[in-house]
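Fold and contact review
Now for the letters of each chain:
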Amino acid sequence: MSKNFMTLQFAAKSENESFARVTVAAFIAQLDPTLEEIHDIKTVVSEAVTNAVIHGYEEDANGIITISAVIDGANIEITIADNGKGIENVEEAMQPLYTTKPELERSGMGFTIMQNFMDEMNVESKVGEGTKVTLRKKITLNSMIS
Amino acid sequence: MSLQISMEMERNTLIIRLEGELDHHTSEKVRDKIEAEVDKGIINNLVFNLEKLSFMDSSGLGMMLGRYKKIRQLDGKMSICSVQSSVYKIFELSGMFKILSVYDTEADAINALGVA
Ligand SMILES: Nc1ncnc2c1ncn2[C@@H]1O[C@H](COP(=O)(O)OP(=O)(O)OP(=O)(O)O)[C@@H](O)[C@H]1O
Ligand SMILES: [Mg+2]
């Protein structure tokens with residue numbers, strides 16, 4: 001199976017959250033994933049992009065978010081990166097219900113959802129430099145069609 | 001806007017029907033619209049009809065939990081109905097069903113509030 005990739009850059013605006021998840025889903029569609037898989041991928045992209053907008057850049061629309069996606073056979077790898085304020089303690093941030101913005105009605109479920117909906121999640125972050133979330137998943141190939 | 005909201009008052013219950021995608025961007029608008037109604041002081045209960053809600057992430061979840069907390073403070077109740085499987089998955093993962101019940105139909109959700 002062949003390799004494929006794409007990169008996407010856009011302003012850290014909440015309006016772009018739906019653009020980002022729909023675009024990644026459209027790219028992944030070439031693997032003929034199930035509806036549930038497409039949905040899971042849209043959700044995790046939405047979570048990571050929202051985190052970059054709200055936490056990374058604290059709603060400063062001058063920030064830039066970069067998404068790249070790689071397809072390798074049935075495996076997909078999606079990275080969502082920002083150059084925002086970074087996370088002091090990644091382990092702590094990944095705990096369910098942990099949030100630094102309860103006043104914005106955040107519930108601290110973003111990382112838990114990403115972890116649950118994907119096979120693998122890796123978070124790299126440096127305070128003052130930014131955050132990069134890498135998500136991996138193996139798509140169930142529809143043998144009837146391929 | 002990739003989300004449509006329609007609201008209807010039935011006695012002291014506000015029925016909120018959402019259609020489309022509930023994310024960070026659209027959740028803020030939905031929250032403001034519901035709060036404007038709640039702040040009028042007539043409403044005691046909220047019913048969310050999610051039959052046509054095709055997408056929800058943690059932002060939507062936070063908005064719904066926020067409305068739940070607010071209506072509870074006012075001694076009101078909240079229920080939800082007609083949840084699609086994709087949205088159900090997010091509710092389930094977050095433990096939302098420990099505090100809120102889901103009903104098959106809007107009529108069931110309204111009845112469950114116990115308002116005569
Ligand atoms: N890109 C980021 N830049 C800086 N901090 C981040 C970033 N992503 C996450 N965080 C930190 O990690 C915490 C947990 O993130 P998570 O997505 O799990 O929850 P949340 O965004 O606070 O709430 P929810 O996702 O339920 O709306 C955040 O509150 C924030 O402090
Ligand atoms: Mg989040």
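To start, this report covers the structure provided alongside it.

Description of the site of ligand 1
The full set close to ligand 1 counts 20 residues, and A:H55, A:T99, A:T100, A:R106 and A:M109 are the nearest of them. Ligand 1 sits at a junction of chains, with neighbouring residues supplied by chains A and B. Take A:F111: an N or O atom from its main chain is 2.9 Å from an oxygen atom of ligand 1. A distance of 2.9 Å is found between an oxygen atom of ligand 1 and a side-chain nitrogen or oxygen belonging to B:S58. When the free accessible area of ligand 1 is taken as 600 Å², the share hidden by the protein chains comes to 97%. In terms of residue count, helix α2 (residues 35-56) of chain A provides more of the shell around ligand 1 than any other element does, five residues in total. Along the lines of polarity and charge, the residues of the shell around ligand 1 split into six nonpolar, eleven polar and three charged.

Topic: the packing of helix α1 (residues 24-38) of chain B against helix α2 (residues 58-73) of chain B
Residues and elements named next belong to chain B. Packing of α1 against α2 brings their axes to within 8 Å, and their N-to-C directions diverge by 20°. One way to sum up the angle between α1 and α2 is to call them roughly parallel. Once α1 is placed against α2, the crossing between them reads as right-handed. Contacts between α1 and α2 involve H24, S27, V30, R31, I34 and E35 on the former and, on the latter, S59, G60, M63, R67 and K70. Taken together, the residues that form the contact of α1 with α2 break down as three nonpolar, four polar and four charged.

Procedures and definitions
- Residues numbered from 1 in each chain as written.
- Chains lettered and ligands numbered in written order.
- Predicted model: local features only at pLDDT ≥ 70, side-chain atom pairs only at ≥ 80, totals over all residues.
- Heavy atoms only, no water.
- Near = heavy atom within 4 Å.
- Polar contact = N/O pair within 3.5 Å; in protein donor to acceptor, adjacent residues only side chain to side chain.
- Areas by Shrake-Rupley, 256 points an atom, 1.4 Å probe, with all protein chains shown as cover.
- Helix = DSSP H or I, 4+ residues; strand = E, 2+ residues; numbered from the N terminus.
- Nonpolar A, V, L, I, M, F, W, Y, C, P; charged D, E, K, R; others polar.
- Axes fitted to C-alpha atoms, helices over the stretch in contact; angles between N-to-C directions.
- Parallel < 35°, antiparallel > 145°, perpendicular 65-115°, else oblique.
- Left-handed = near helix turned anticlockwise from the far one by under 90°.
- Contact = heavy atoms within 4.5 Å.

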